[in-house]
Amino acid sequence: MTATRVSFVSGRDWLIRLVTSETFIYVIKRVLQALLTLFLASALSFIIIQLAPGDYLDTLKQNPKISPERIEELKRQFGLDKSWFEQFFLWLQRILTKGDFGQSFVYQRSVSSLLSERVPATLVLALSSLIVTWAIAIPLGIIAAVKQNRATDRILQVISYAGQGFPSFVTALLLLIFAQVTAPLFPVGGMTGINHDELNWFGKILDVLWHMLLPTIALSITSFAGLQRITRGELLDVLRQDYIQTARAKGLPENRVIYVHALRNAINPLITLLGFELASLLNGAFIAEFFFNWPGLGRLTLQALNNQDLYLLMASLVMGAVLLIFGNLVADLMLKAADPRIKLEDLN
């Protein structure tokens, strides 16, 4: 009985410490801010969409096989016979009470099911590009800073400037040409091959990774070039600090000076950029998905925009905003973990 009571008390104390901790309070504040941001973003998006001339039913009116009675029935079914104000708040009410984003006009399916299929594909592509970008850019930025003004540094700077000079869509076009020249070595259509279902679990993973190769490269080149330059600049600033000179004067190995003392302080601004990096990758993913026929959120949003599929387009925009807000929150928490001296309240 005593042991049970002690366990209960310790568990309660842990819960109290968690609820009153700086990180927990910060996350709650950010979530509340995110809800307000999402509401304003969705309202603005809804108004902009409604300002566009026509709607989905206008295309159906041109079909002589569809009667005016059927048009009116569809208008009532989708709620398009109501005012903008009523449409928006009825849509918002369904989300809050039922978790229902509505039905797609074109696909005749629930929007939630479509998003559940497409969002993971976009996240996989964006995260793979993020990993590749950081795995290449950080080491090259360190090398460029350590070998400042030498041949290696100048070569890396040329590569960096060239990478930044190529927009994502130009890089995607060049990679498509490369894939055509080397066909059928690099697949450019879809997320899997035609024999994907016949493969074992390891083969399926390799199949998806192989299809991801060119889209990931297309997304990573521009991001890698910018991050490499930033890493170089931040590390050079830190290497000029007095405490670095003191560490060298004490006889510490150069690797320890660079990777333990200098890089640890230079990494903070890079972590801050992580949230913005995820945002740019999600935007760039839309382009890569279009060129490489990747079944992600970007292509779905573009199709919804072209077809004026109101509820699908609204849900896609909201989901994109959620991913961006989440990326910035993760970046702030990583910054706090990397440098405990930073107060989360200062990051608001």
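Throughout what follows, the structure given in this document is the object of discussion. All values derive from a computational prediction rather than experimental measurement.

1. Some points on the packing of helix H6 (residues 111-146) against helix H12 (residues 297-307)
Two elements in contact, H6 and H12, have axes whose closest approach is 7 Å; the angle formed by their N-to-C orientations is 130°. Classified by the interaxial angle, the pair formed by H6 and H12 is oblique. Contacts between H6 and H12 involve Leu114, Leu115, Arg118, Val119 and Thr122 from the former and Leu297, Gly298, Arg299, Leu300 and Gln303 from the latter. Tallied by class, the residues present in the contact of H6 with H12 amount to 5 nonpolar, 3 polar and 2 charged.

2. Quick notes on the packing of aromatic side chains
Summed over all chains, the structure comprises 10 aromatic pairs. When the ring of Phe88 is compared with that of Trp91, the centres are 6.1 Å apart and the planes differ by 40°; the resulting orientation is tilted. Taken together, the positions of Phe88 and Trp91, both in helix H5 (residues 84-98) and 3 residues apart, correspond to about one turn of that helix. Trp91 gets classed as buried once you look at its relative accessible area, which sits at 2%. Seen in terms of ring centroids, Phe105 and Tyr311 are 5.5 Å apart; in terms of plane orientation they differ by 80°. Their pairing is edge-to-face. With Phe105 in the loop between H5 and H6 and Tyr311 in helix H13 (residues 310-338), the pair connects residues that are 206 residues apart, well separated along the chain. Among the aromatic residues, those joined into a ring-pair cluster are Phe39, Phe46, Phe85, Phe88, Phe89 and Trp91. We note Arg94 situated over the ring of Tyr311; from NZ or CZ to the ring centre the distance is 5.4 Å.

3. Structural notes on the nonpolar core
Among soluble globular proteins, nonpolar side chains are generally buried collectively. Ranked by size, the top nonpolar core spans 32 residues in total, and within it Trp91 and Leu310 carry the most contacts. Elements represented by at least two residues in this core include exactly helix H2 (22-51), helix H3 (56-61), helix H4 (68-78), H5, H6, H12 and H13. It is H13 that provides the largest number of residues to this core, a total of 8 residues. With sequence-adjacent residues up to four places away left out, Trp91 is seen in contact with Ser42, Asp100, Phe101, Tyr311, Met314, Ala315 and Val318. Among the nonpolar cores identified, the runner-up in size contains 22 residues, and Leu236, Leu263, Leu270 and Leu335 belong to it.

4. With respect to H12
Within the sequence span of H12, burial applies to Leu297, Gly298, Leu300, Thr301 and Ala304. Along the long axis of H12, the arc covered by the buried residues comes to 165°, so they all point the same way. Of the residues one or two after H12, Gln308 is the one with positive phi, at around 55°.

Cut-offs and rules
Residues numbered from 1 in each chain as written. Predicted model: local features only at pLDDT ≥ 70, side-chain atom pairs only at ≥ 80, totals over all residues. Heavy atoms only, no water. Axes fitted to C-alpha atoms, helices over the stretch in contact; angles between N-to-C directions. Helix = DSSP H or I, 4+ residues; strand = E, 2+ residues; numbered from the N terminus. Parallel < 35°, antiparallel > 145°, perpendicular 65-115°, else oblique. Contact = heavy atoms within 4.5 Å. Nonpolar A, V, L, I, M, F, W, Y, C, P; charged D, E, K, R; others polar. Phe/Tyr/Trp six-rings, centres within 6.5 Å; stacked < 30°, edge-to-face > 60°. Buried < 20%, exposed > 50% of the residue type's maximum accessible area, 1.4 Å probe, protein only. Lys NZ or Arg CZ within 6 Å of the ring centre and 35° of its normal. Core = buried A, V, L, I, M, F, W, Y, C linked by side-chain atoms within 4.5 Å. Arc of directions from axis to C-beta.

These results come straight from atomic positions and should not be treated as a statement about function.
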